[in-house]
Structure formats: structure tokens, C-alpha cells
Amino acid sequence: MARSSAEDMELRKSCAVAIAGSGGKEEEIVLSIRVAKGRGIFEKLGRLAEPRVLAVTTKHSARSEKTKAFIRVLKYSSGAGLEPAKLYKLKHLTKLEVVTNDPSGCTFFMGFDNLRSQSVAPPQWTMRNIDDRNRLLFCILNLCKEILARLPKVNGIDIVELALWAKDNTPAVITTQVTTTQESNQDGATVTVVKEREVQVVSVEKDLLVSHAEEEEEDMESMKSLLSMYLMGIGETEAFSERMKQELLALEATNVYSLLEAEPLLDEVVKGLDAATLYIDDIDEWLQIFNVKLRHMREDIASIESRNNTMELLSDNCKGLVDELDRLLNKLRIPPEYSAILTTGSFEEKRMLKHVEACEWLSAALHSLQASNMEPCYANMRAVRERHEELEKLKAIFVKRATEFLTNYFSTLADFMLTDKSYFAQFRGQLKRPDHADLRFKCRTYARLLQHLKSLDRSSLVPLRKAYCQSLNLLLRREAREFSNELRSSTKIPRNPPGWLEGSSNSNDTSMVSEAYSNMLKIFIPLLVDESSFFAHFMCFEGIDNKDDDDDLEIMDPDGNDDKPEITSSELGALNEALKDLLDGIQEDFYAIIDWAWKVDPLRCISMYGLTERYLSGQKTDAAGFVRKLLDDLRSKIISQFNKFIDEVCHQIERNERNVRPPIGVLSYMTKFENLASRMEHNIQGQSRDMVDKAYSKLVGAMFNTLEKIAETDSKSFDIVLIENYAAFQNSLYELANAVSSLAKFYHLASESYEQACTRLCNSVINLQFDKLISFHQKVDELRLRCGKSNEEIPFQQGLSKSDLRKVLKYSLTGIDRSFNLMYKKLVKSLTTEELLPSIWIKCKKEFLDKYAAFVEMVLKIYGNEPVTPVAEIKELIASL
């Protein structure tokens, strides 16, 4: 057998050097052995196991008189030397397990309880042979038993087999290890005690071991010798049975002989028993007496315990009853200091804390005496009913006193500010927002009182809300009136505001009236919203979401619940009614600003409408519900005033129908509408586009309708009037229509009407000069379409023969240049606007060519080869004119 690496002294020296270099100079090496490190799955992937050296060391501490054991892992460095790689403390070793996948049984792993990640598989150690494995495991187990007094869990190997192997391969050498400990004697002195304990030192037996075959041969010889001692043949059964019977008889004889030898001892035992029987009767009588006495004592004890239990139960019940009555008396007792505060005394600010404490006590007392919060037996007690009636009277007195005080208090605050001349003097020349900080500060003093009034009697808030609204309404209306008057007086307006058909100029700029209205909204709408929100929270309307006011008022639910319920429809209705009382009448000052701005420049209604829409879109429907209604009324007022202006303009346009005398020419409003539209577009802000577009529709509709009526007064110049006015409308509105889509619609409408009028004018001029040619063509079309005549039948109809055709062509085309000169003179005489003549003359020539081309096409189809002047020749002739 090969020599084990555990006996390699050079290996042990190398390990000692490596351990000493890492700070383990005091450690002694018990065993060092070469192993191979692997992790199971790496071998399956084709990786080779890594060579390592396991060193088992011990370290003795002189201070604590303890010995520690370690398992060190050393690896080979690049210079073939050893260096420390891992250190395990033996006290953390919990498991030694031999890997079953290795058929040789040389692979095992160690489990420690202090590893950082228990999910990572521990390294596997593979030994060179079973002897090396057993030698290492046996060494580790010995150290665990000696130092730690416990053994780790061992799996995959039989401990008995390991012990047998140790017995055969590691003969024990008994040595003595001397340790010293200190003990204290009876006199308190410290002495040193020397103890000796036997330690089994594992040493390797002789270097030369017998071979495996020789060991098996020796085992077989010993087995045969054992079997030869007990083996019997089949024929020896009767002899074995006889032998067993003889041995049984010998055993029985031996037992009888032993009994005979003990006879003297038995005689002495019998004498002792006879003497003891003399005292049994006396003892029996004594026991009976004692039993009777004990029975009576047990009965007395049971009776005493029963009475004691009854008394204890009675005592507990009495104590519980007294405690319950004390609690009930505490509920029923009215503290005199609270009674005095609730019924007498003033509501000064310095006494408010006491009033709040008294209200909290009263609310809690009334709540505790409600039938739902008490036992039914207590609710029907006369004392409880009487005390509840007293608390109700106390509540009624306090609510009445507090309501009267707060009603007078609100009125006094408002009257003080109304009579303060210096307060309203701040509006003169400054246009500042009214400052209600002092008013709100004084009101906040009684916010908690209002909360408790609501919890005590919700109906008491109705007159308080009305009194607050009436008092503050006078103040707000006075502030709005003063601000509105100062706003109008400080705004400089042009002496001669522009008319509706005049263009805007710097001297007639009226933007200041829009700015005045904007200032009114900017100052008072946030003020009214703040006042509405403050009122809603101050007067304890539930479900109003305004965190800032809650913090300022320091309002909290008397029940301790911070969650706010959603406002109900009835609560919202009551809030809107109260806000109407608070803010009603203030809209008149806003109306005054709108009427004043309308008188200065009605078109400023457009910008005021946009401003109102912007403020309206930012308002909620709860605390600022009335403010939203106010803005909606302002919007309606602005729309009404603007529509009034548009109706007046339409009325002025319609009056032209009665005042126009021929020659009509271009109407003034057709060219000046562009000025009005430009000013309206300049004033558009926000969402006022729809209102302006509706005004455009109304104005343009009135203009076009009036134009049609004026043109109808003279049938001869009907188309001329339409052409000139529609052309003027298009020329003036061209640039603006390109920028405004709603005006582009009216521009195209005017263009269509212009084209239709031009077509009618051209046809009338052409028919006047070429009436026979046109009428001949119309007769042919009438026979073909209405009468259903064929092309061959038409030349034989009366007035439509070929000779008639020649006469018509001769009459119409002879002196055609003269006819066109007459047409041109007719247009020049009819039109008052020379700029339109070239385009209309071109259209006349085009219309004639189209009609003549259709006539020539008809002649070729019906009259065959009848000579007719070609269209190209006529076109050249007309072009030369």
C-alpha cells in the first residue's frame, strides 16, 4: 500500500510555514493531507478537480484556558508553494456527508452553519483512498468530541465501521496532558489544581502492512474456527435434546438446594411477620378513627370554601356595582365651572378657550346619555332622564346666548368698516383690492364656537348665516360701488368715440374701457371667490374642498374624524341660497361698467366677452357657485349689449333702401364693412370667436338682402348694381378674408353672386345685338328637345329653312364689328366703375364665342354643308376689336 500524505513530514512543514505566514504562529498542525477540490457539476462539464491541502490545526489560549480547532484549506501558488485559501472554524461544523454518486466512497463534503449563502453547494473533497478519507474524518470527529463535547451529523458512512477501522489502523498510545486550573478553597484562598486526562493520540501503525489477500485469508481461518465450535450434524438432534434436559434438571436441583440453604432466614422472617400482626388490629382501629375525623374535616372545609366563594362573588359584585355607579355618577354630574360658563358670562376672546372646553364637555355628555350609547336598564332610569333634560336646557340656553352674541357681533364688524372713512379713501386713485384680513381674523376667533354650535344644534346656524350674509353684503356692495366709480372716473376715454364704420386710430383708441372691465374682474372675482369659500368653511358647510381655509380657520371635526364627507344636494342648495344673500346686488356695479364701456365703444363687448369666458372656465360649482352665476349673468349682459349694437347696425343698413336714389353706384356700407370687421377681429380675445362669427352672419346677411332690394328698384340697372357692389365688397375684404375663415365664406358668396350677375349682364347685351341669331338657335333647340323633331325634319319647319338660316347669318354677321362697338358702348354707359369694364368686356366676348360655337355646331348637324363663317375667323375678328 502506498504511503499516505498524512505522514509526509515535508508537507506538514510546508503547511506550518504557510499558516505562520498568515498569522497562525500559535497553531499546531494535527493532520495535513492532500485532497482534490470539486463541486460536482464542474466535473460533469469537463472541468478538472483542483489540488488542495487540508490542514487540521488547534490553538490553545492561555488566558481563557480553551482550545480552538480549525480546518485550513491551502492551495498551490504559482511558485509551487502553499498559501492559505480558506479558514473554517471547527465549532461551526454541523455535517459530514459522503457523496453517494462516487462509487469509490472517497468524496465527501462538510457543512458549516455560518456560510453566507446556504444556496451555493459546498465544495466536495476527494481523497486518494478510503484510508485517507477515514483518517481525516476520524481526526475531525476526535477533535469535536474532545474540544466541543459534541459530534457533527454524519451521513453516508457507518460510525461502527469507522471505529473498527480506527481500532485496526490507529493503535492508541495513552499519554498524559497536564492542565492547570484555579479553584477556591473553603478559606477563600486560590490554589492551583493539577489534573491529568488521558488523550488518545492517533498515530499511524507500521509502515509495512499486509496485503489485501493475506487479510482475507486470515479472516476466513478465524471464521472456520468459530463455526467448528458450534456446528452439529443432522443425526445429533436427539443427543442435543437429551443434553438440554439434563442441563435443565441440573438447574432445577441447584435452585432447590439454594432454597434449602435459605430456610433459617425464612424462619426469622416468619417470626417477624407474626409479631407485626399483633399491631395490625390496633392500626386498623386508629385508621378508622382518623378516616372519620378526616371526613368531617373535609365536609367542614367544603362548607367553608362554599361560603367563602359566595362571599367573594358578593364582594366582586358589590365592587363592580360601586364602580359602575361611580361611572354613572360621573356621567350625570355637571361640573359647576362648565355650568357657569355655559349660562353666564361674556363671549370675549380671552374666554373662548373655556367656552370651547365647556362645549366639548356638553357634547360628550349628551352623546353619552343617548339611548344608543347606554345599557337599556340605564336609559330608563329617572335620574338619567332628569339629567338629560337638564343638559338639554343647558344646551338651549347656551345656543341662544351664543346666537344672539354672534348676530350682533357680525353686524358690529360690518358697521364699523362701513363707517370708517379712511378705509374707503384707499380706493381713490389707487384701485387696490379691499383688505378683509382684519375682518377674517376677528371671525376666526369664533370658528370653533360655530363648529360646536353645529354639533349641538344644527338649526342655530341658519339665523347666524343670514345675519353674516346681510352684514357682509352691505360692505361688499359699498366696496364694489366705490371701486366702480373710481374706475370709471380715472379712465380717460376719447372725446369723440369712433363710429361703427370708421377705422381705429391712436386718437380714438378705446382699449382702456376693456382694461377697466378687466381690472374690475381681476380685483373682485378672486375677492368674491375667497369670500364665498371663507363663508362656506366658516359657517360649517360640509364637503367644501379648500385646504387653505381649513388651516386658517383651524377647524376640526368634533368627533375626531378628519375625512370630509361629500357635499349633499340639500347642503349645496342651502349654500347657494346663502351665497345669494351674501353677494346679491353686487352685479349692478358690474353691469354699470359694461353699460359704460358699451357707450364708449360697443365693439369692446367682444374683448369683455373673452375676459368673462376666461374667468368663467376657472370657477367651480361648490363654494364659488354664485360667482359662476354672476359671471354667467355678465356674459349674458355683454351678449345682449353686443346684439343690441349689431341690430342697430343692421337697422342703419336697411335704412339705405329708403334713402338711395339713382344712379345707385356702390353703397357705402359695402366698402366700409371691412373697417368694422377689422376692428371686431382686433378685439377678439379667448372664446369670443363664435359671437363675432354670428355677428358677421347677421351683418352680411342684412347687407346682401338690402343690396338685393335696392337693386330691384330699377330693373334696368339690377345686374349693374349687384356687380359693382359685390366687386367692391370683394376688393375691400380680400386680405381680411384670407386671414379669417368665417369672412372667407362671405367672400365666396359675394363672388358667386358677382359671377351670376356678370353672366346675366353679358347675356342681355349679346341678346340685344344678336337677337335673331340667338332666337333662331333657341327655336331649333325647342323643336328638338320639347317637340322631339329629328334633324332631318327641322329644315322643313316654318321659319327654320335653309333660306331663313342664310338670312339670319347675313343679318347678324354683316357689320359684326359695329355690333360689338355698340355692345362696348352699352357697357361703358351702364357701368359707373371703370375698373370693372375690362373684365366684363372679356367675359362678354367669351360668352358670345361660346354661343356662336354652339350655333355653328347645330348648323353642321342639321343643315349639312350650308356655308357658315367658322368660329376661328369670328374669334380673330373679335380679338382685333
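Residues numbered from 1 in each chain as written. Predicted model: local features only at pLDDT ≥ 70, side-chain atom pairs only at ≥ 80, totals over all residues. Heavy atoms only, no water.

The protein chain goes by Exocyst complex component SEC3A in an unreviewed UniProt entry, where it is assigned to Rhynchospora pubera. Taken from UniProt, the Sequence similarities (unreviewed entry) comment for the protein chain reads in full: "Belongs to the SEC3 family." (UniProt positions renumbered as here; feature names shortened; annotations may be inferred.)

**What about the packing of helix 29 (residues 816-830) against helix 30 (residues 837-862)?**
In the contact formed by helix 29 and helix 30, the axes pass within 11 Å of each other and the chain directions differ by 140°. Judged by the angle between their axes, helix 29 and helix 30 are oblique. Here helix 29 and helix 30 pass one another in a crossing that is right-handed. Across the interface between the two elements, Ile816, Phe820, Met823, Tyr824, Leu827 and Val828 of helix 29 pack against Leu837, Ile840, Trp841, Cys844, Lys845 and Phe848 of helix 30. Each residue belonging to the contact of helix 29 with helix 30 can be placed in one class, and the counts come to eleven nonpolar, no polar and one charged. (Axes fitted to C-alpha atoms, helices over the stretch in contact; angles between N-to-C directions. Helix = DSSP H or I, 4+ residues; strand = E, 2+ residues; numbered from the N terminus. Parallel < 35°, antiparallel > 145°, perpendicular 65-115°, else oblique. Left-handed = near helix turned anticlockwise from the far one by under 90°. Contact = heavy atoms within 4.5 Å. Nonpolar A, V, L, I, M, F, W, Y, C, P; charged D, E, K, R; others polar.)

**What about unusual backbone geometry?**
One non-glycine residue with positive phi stands out, namely Ala149, at about 60°. Here Ala149 shows up in the loop between helix 3 (130-148) and strand 8 (153-155).

**A look at the pattern of salt bridges**
For the coordinates displayed, the defined rule picks out 25 salt bridges. One salt bridge in this structure joins Arg135 and Asp132, with 3.2 Å as the shortest N-O distance. Of this pair, Arg135 and Asp132 both sit in helix 3, three residues apart, which is roughly one turn of the helix. Using a relative accessible area of 11% as the deciding quantity, one classes Arg135 as buried. Look at Asp132 and you get buried, because its relative accessible area is 1%. The salt bridge involving Asp647 is made with Lys698; its shortest N-O contact spans 2.3 Å. Of this pair, Asp647 sits in helix 22 (residues 625-659) while Lys698 sits in helix 24 (residues 689-712), and the two are 51 residues apart along the sequence. With relative accessibility at 42%, the residue Lys698 sits in the partly exposed group. Linked by salt bridges that have partners in common, Asp601, Arg604 and Arg679 make up one network. (Salt bridge = Lys/Arg side-chain N within 4 Å of Asp/Glu carboxyl O. Buried < 20%, exposed > 50% of the residue type's maximum accessible area, 1.4 Å probe, protein only.)

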